[in-house]
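Spelled out from the first residue to the last, the chains are:
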Amino acid sequence: MKEILITEPRKITITEAELPVPRKGEALLEVLYCGICGADVASYTGNQPFTTYPRIPGHEFSARILQIPENESGLQPGDIVTCNPYFNCGTCYSCRRGFVNCCTDNQTMGVQRDGSFREYLTMPVERIIPGGGLGPRELALIEPFSISYHAVSRCEIKETDRVLVVGAGPIGLFALVSAKMKGAKVYVSDILEGRLKKAEELGADGVVNPKEQDLSAWNQQVTCGQGFDVCIEACGSPSTFLTCIQQAAFAANIILIGNGKKDTTFLHSVLLKKELNVFGSRNSYTRDFISLIRLVADRGIDLMKIVSAEYPMEKAEEAFQALVNNDGSLEKVLIKIRD
């Protein structure tokens, strides 16, 4: 089989490998589509601290079952599926309490272990999630959607809430859709006009470019001077975390999805003064995948609106280069392994 391999930072090769052999309790899958995550791009550029080389990237994917043992889920050869790519140890304190997304020895496909950018892979049956009638492209988008869906579930969001999403990359856009599903009014801030236009297409109640408009003045107008009930940080930047603190109402909730790489300095007394609730969010649960697949199917959510480009497997490095040099016109990029 063929596999996409990052041999060292900024170097990708398409290599030949032996077809994997399923062990007890595993299925053999034929990979169909993979999404390129920011973590994959970080592995490619050498900025992912948990990646070792050589490494097969990828953890957002769809697949067709080729071989599978008898199972309680009724999964059969030929089924189109997706998978939970976060491997937890099962024995740490987090796992023992049921917080498997926070496993202290978590291994995510494409980062700490080889990922999905290959023609075939094996997967434990319990990690395989039925596709619910969704197509292979849509199923490759469920994992990043689940990241935002899980984050939005970290606090109660009510229909009367005003929500501000800071950052309109793929995770921020999926957070917008997730919060809209709760019935809230959702607003999006980003410095790239193309991303703001995409947010409007996905149902944002309002957008703002803080480079073009004073954010606090805009906040005063939108919230009648009250501030936002929920602020979702989807960039991982110190400045955008501070933006969430500043634009939040008193007694508001802040949800952090963006994976920051720099220290943030601020006077923490503002958290006390406003009595803000700050929620971190990491990975997601299998139940998040299952719920999302059902919601996307039942509500007819057009996930393909977030896809900007699709590349064949042979042009994987071109796809990675496009994202490294992204001017904001690219949202989610898919790699077609096979139809």
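Up top is the structure.
Report follows, based on the coordinates. As the structure is a prediction and not an experimental result, all values here were calculated from the model.

Analysis parameters
- Note on numbering: residues in each chain are counted from 1, in written sequence order.
- Thresholds applied to this predicted model are a pLDDT of at least 70 for local features of residues and 80 or more for the giving and counting of side-chain atom pairs; totals over whole chains, interfaces and linings are not thresholded and use all residues.
- Only hydrogens and water are set aside; all other atoms, that is, all heavy atoms of the structure, feed into the side-chain values.
- Only runs of H or I of at least four residues qualify as helices and only runs of E of at least two qualify as strands under DSSP, and these elements are numbered from the N terminus.
- Only C-alpha atoms enter the radius of gyration; for comparison, a globular chain is expected to reach 2.2 Å times N to the power 0.38, where N is the number of residues.
- Burial classes follow relative accessibility: with a 1.4 Å probe on protein chains only, a residue under 20% of its type's maximum area counts as buried, one over 50% as exposed, and anything between as partly exposed.
- When checking whether two residues touch, look at their non-hydrogen atoms; a contact exists if any pair is within 4.5 Å.
- Calculation of accessible area relied on Shrake-Rupley with a 1.4 Å probe; when residues are assessed, cover is drawn exclusively from the protein chains displayed.
- When charges are counted, Lys and Arg are positive and Asp and Glu negative, with His and the chain ends excluded.
- Note on charges: their place is set at NZ of Lys, CZ of Arg, CG of Asp or CD of Glu.
- Think of a nonpolar core as a cluster: buried Ala, Val, Leu, Ile, Met, Phe, Trp, Tyr and Cys residues, connected wherever their side-chain atoms sit within 4.5 Å.
- Strands are treated as partners if at least two bridges between them are detected by DSSP.
- A fitted line through C-alpha atoms represents every axis, and for helices the fit uses only the stretch in contact; the resulting angles, taken between N-to-C directions, go from 0 to 180 degrees.

Remarks on the overall build of the protein chain
(1) Moving on: Along its length, the protein chain carries eleven helices and 17 strands.
(2) Moving on: The C-alpha radius of gyration of the protein chain comes to 20 Å, within 12% of the 20 Å expected for a compact globule of 339 residues.
(3) Moving on: Taking the principal axes of the C-alpha coordinates as reference, the protein chain spans close to 60 × 40 × 40 Å.
(4) Moving on: In the protein chain, which comprises 339 residues, the proportion classed as buried is 53%.
(5) Moving on: When contacts within the protein chain are restricted to residue pairs at least 6 apart in sequence, those whose partners lie at least 24 apart make up 69%.
(6) Moving on: Here the protein chain displays about 15400 Å² of accessible surface, and carbon together with sulfur accounts for 47% of that area.
(7) Moving on: Across the protein chain, the 36 positively charged side chains and the 41 negatively charged ones have centroids separated by 3 Å.

Some remarks on unusual backbone geometry
Glycine aside, a negative phi is what most residues show, and trans is what most peptide bonds show.
(1) Moving on: Geometrically, the link from tyrosine 53 to proline 54 is a cis peptide bond, its omega value of 0° lying close to zero.
(2) Moving on: Backbone geometry places arginine 10, a non-glycine residue, at a positive phi of 70°.
(3) Moving on: With respect to the element layout, arginine 10 can be found in the loop between strand E1 (2-8) and strand E2 (11-16).
(4) Moving on: Positioned with a positive phi, alanine 251 is a non-glycine residue whose angle comes to about 65°.
(5) Moving on: Position of alanine 251 among the secondary structure elements: in strand E14 (residues 248-256).

Considerations on the nonpolar core
(1) Moving on: Within the largest apolar cluster, 46 residues are counted, with the highest numbers of intra-cluster contacts made by Ile142, Phe145, Val163, Leu176, Val188 and Ile232.
(2) Moving on: Among the elements of the structure, strand E3 (26-35), helix H4 (142-152), strand E10 (162-166), helix H5 (170-181), strand E11 (185-189), helix H6 (193-201), strand E13 (228-233) and helix H10 (286-299) are those that each provide at least two residues to this core.
(3) Moving on: With seven residues, the top contributor of residues to this core is H5.
(4) Moving on: In this structure, valine 188 is in contact with Leu164, Val165, Ala168, Leu176, Leu196, Ala199, Ala204, Gly206, Val207 and Val208, ignoring residues within four places of it in sequence.

Brief notes about the sheet that holds strand E12 (residues 206-208)
(1) Moving on: Sheet architecture is open: six strands sit in the order E12-E11-E10-E13-E14-E15, paired in parallel fashion. Among the strands making up the open sheet, the edge pair consists of E12 and strand E15 (277-280). Here the average twist between neighbouring strands, direction ignored, is 20°.
(2) Moving on: In this structure, E10 lies alongside E11, joined through five bridges in parallel fashion. Within E11, the position partnered with valine 165 by the bridge is valine 188.
(3) Moving on: Taken strand by strand, helix H7 (residues 215-223) contacts E10, E11, E12 and E13, and its axis lies near 135° from that of E13.

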